[in-house]
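Inside the fold
Each chain, letter by letter, is given below.
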Amino acid sequence: MPTGPVQVMSWNCSQLDELSPQGLGLTYWFDAAPSGRPYPVTVRFTGRRVSGADPGRGSETFETLRTIPRVLPGSGLIAMTTRVSGVAPGEWAVTAAPVVLLEPDGTRQAEPPVPLPRGESTGTTAFLPVAKVRAPGVRIGAWPGLVGLGFLLALVLQWVLGTQRDLPVGRMLLVSLLASAVGLAGAKVYYLLTHREDKGGTLRAGMSIQGFVIAMIALLLGGAWATGIPLGPLFDVTAPGLLVGLTVGRLGCFFGGCCVGLPTASRWGIWSSDRGVGVRRIPVQLFESTLAGMLAGATLLAVVLVNPPVDGLFFLAGLSAYTFGRQLLFPLRGIPRKTTHGRVATMIVTGLVLVGSVLALILG
């Protein structure tokens, strides 16, 4: 925690100092009440520019409110982060003060059961796209770095297993590279289709692993047919690498501040951030990473040691088990589901595929 309750997020990169647009990233720190019922916290941030060139490039003052509607007592230290755009570049003096607002029905918002500090700080503006992703507990570059590492590990593992199965590894890796590129586009499209209320723009929009897997499988099917690669063995040697990539990629989600778990007061929670609120949370990204890692190990042993009665069963079993387990973890995430029955339907389908694949392996 910084020396005071208010922090102006800094970014030491002189190459970005003159880029537009500029903005401020502000964080207010406080401790949750030790016990009681959940309660809201609202903070008013105000600021004025105290130095800087280029007058007229933006506002010289600002005032904004930020609310956490449900603070869990016993959840410990909390960081509330907000961003301010449209301000003139330079150094700013910022004040943060807790306030009690009126509810839509005219009643007063519930007051926090413990006193909250008022704070002041100074800091400089930063390139706004950077300010929008910086927050306590978030590591810039963690997501692309770890996802990229997972991708490389997946390709290496696929190459090793493909060599063992006497597959045409050159064509196989080329198809896999194309499938991964199409998968990234599919992940973006899937996210945009399921998050139509997100106004952040196409480039800054997130990605969904469901879209990646669907698009990647479609391209693998077409690529295997076009290049003459045996389809079942291709999918079997792809399964361990795909799950390894998911194992490492979910660590990127944890450190990058996406796909976060629900806030919790449990001692088993881990402090992490969704780039807006840093608080003790259920580490659902780590749970999913562990699930993918266990399945990666199981499918790897199976591919190396077992001769399947039907090629492709290892891929079906591994992917369906991962998807089923992922659906079990969804209620622990801080992101609401977009469909009412989609989770149950997915669990039924993947559960049947998993049972069928395992029975075929055992009975075959």
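Below is a short write-up of the structure. (Residues numbered from 1 in each chain as written. Predicted model: local features only at pLDDT ≥ 70, side-chain atom pairs only at ≥ 80, totals over all residues. Heavy atoms only, no water.)

Let's shift gears to the nonpolar core. One finds Phe212, Met216, Ile217, Leu220, Leu242, Leu246 and Phe315 to be the most contacted residues of the largest nonpolar core, which totals 32 residues. Residues in contact with Leu246, not counting those within four places in the same chain, are Ile209, Ala292 and Tyr322. Leu26, Val87, Val277 and Val279 belong to the second-largest nonpolar core, a separate cluster that totals 25 residues. (Core = buried A, V, L, I, M, F, W, Y, C linked by side-chain atoms within 4.5 Å. Buried < 20%, exposed > 50% of the residue type's maximum accessible area, 1.4 Å probe, protein only. Contact = heavy atoms within 4.5 Å.)

Each regular strand displays side chains that alternate between the two surfaces of the sheet. Among the nine residues in strand β6 (residues 91-99), seven count as buried, and that is most of the element. Bridging between strand β3 (residues 39-51) and β6 involves nine bridges; their strand directions are antiparallel. Looking at β6, one finds that Val43 is bridged to Pro98. Two elements, β6 and strand β7 (residues 119-124), share six bridges in a ladder whose sense is antiparallel. Within β7, the position partnered with Ala93 by the bridge is Thr122. (Helix = DSSP H or I, 4+ residues; strand = E, 2+ residues; numbered from the N terminus. Pairing = 2+ DSSP bridges.)

So, about the sheet that holds β6. One key point about sheets: their strands pair by backbone hydrogen bonds, in either a parallel or an antiparallel sense. With antiparallel pairing, four strands are arranged side by side in an open sheet as β4-β3-β6-β7. The sheet is open, and its two edges are formed by β4 (61-71) and β7, each paired on a single side. The mean inter-strand angle of the sheet, taken between neighbouring strand axes irrespective of direction, is 25°. (Axes fitted to C-alpha atoms, helices over the stretch in contact; angles between N-to-C directions.)

What follows covers the pairing of strand β10 (residues 277-281). Among the five residues of β10, four are classified as buried, and the element is accordingly described as predominantly covered. Pairing geometry for strand β5 (residues 77-85) and β10, over two bridges, is antiparallel. Note that in β10 the partner of Met80 across the bridge is Val277. The sheet contact formed by strand β9 (residues 270-273) and β10 spans four bridges and is antiparallel. Bridge pairing links Trp271 to Arg280 in β10. Between the antiparallel neighbours β9 and β10 lie three residues, among them Arg275 with a positive phi of about 75°.

All right, on to helix α4 (residues 209-227) then. Counted at 1.5 Å a residue, the expected span for α4 with its 19 residues is 27 Å, and the 26 Å between its end C-alpha atoms agrees. Buried residues of α4: Ile209, Gly211, Phe212, Val213, Ala215, Met216, Ile217, Leu220, Gly223 and Ala224, and no others. In the segment just after α4, Gly228 is the residue with positive phi, at about 75°. (Expected span 1.5 Å × (residues − 1).)

Quick look at the pattern of salt bridges now. Within this structure, the stated rule accounts for seven salt bridges. A salt bridge links Glu120 to Arg118; the shortest N-O distance between them is 3.4 Å. Pair check on accessibility: Glu120 and Arg118 agree, each one exposed. Measuring nitrogen to oxygen at the nearest pair gives 3.5 Å for the salt bridge that ties Arg281 to Asp274. Owing to a relative accessible area of 33%, Asp274 belongs among the partly exposed residues under this scheme. (Salt bridge = Lys/Arg side-chain N within 4 Å of Asp/Glu carboxyl O.)

Running from N to C, helix α5 (residues 231-256) and helix α6 (residues 284-305) cross one another at 160°; their axes reach a closest spacing of 8 Å. Accordingly, the angle class assigned to the pair α5 and α6 is roughly antiparallel. For the pair α5 and α6, the sense of crossing is left-handed. Contact residues: Asp236, Ala239, Pro240, Leu243, Val244, Leu246, Thr247, Arg250, Leu251, Cys253 and Phe254 in α5; Gln285, Leu286, Glu288, Ser289, Ala292, Gly293, Leu295, Ala296, Thr299, Leu300 and Val303 in α6. Grouping the amino acids of the contact of α5 with α6 by side-chain chemistry returns 14 nonpolar, five polar and three charged. (Parallel < 35°, antiparallel > 145°, perpendicular 65-115°, else oblique. Left-handed = near helix turned anticlockwise from the far one by under 90°. Nonpolar A, V, L, I, M, F, W, Y, C, P; charged D, E, K, R; others polar.)

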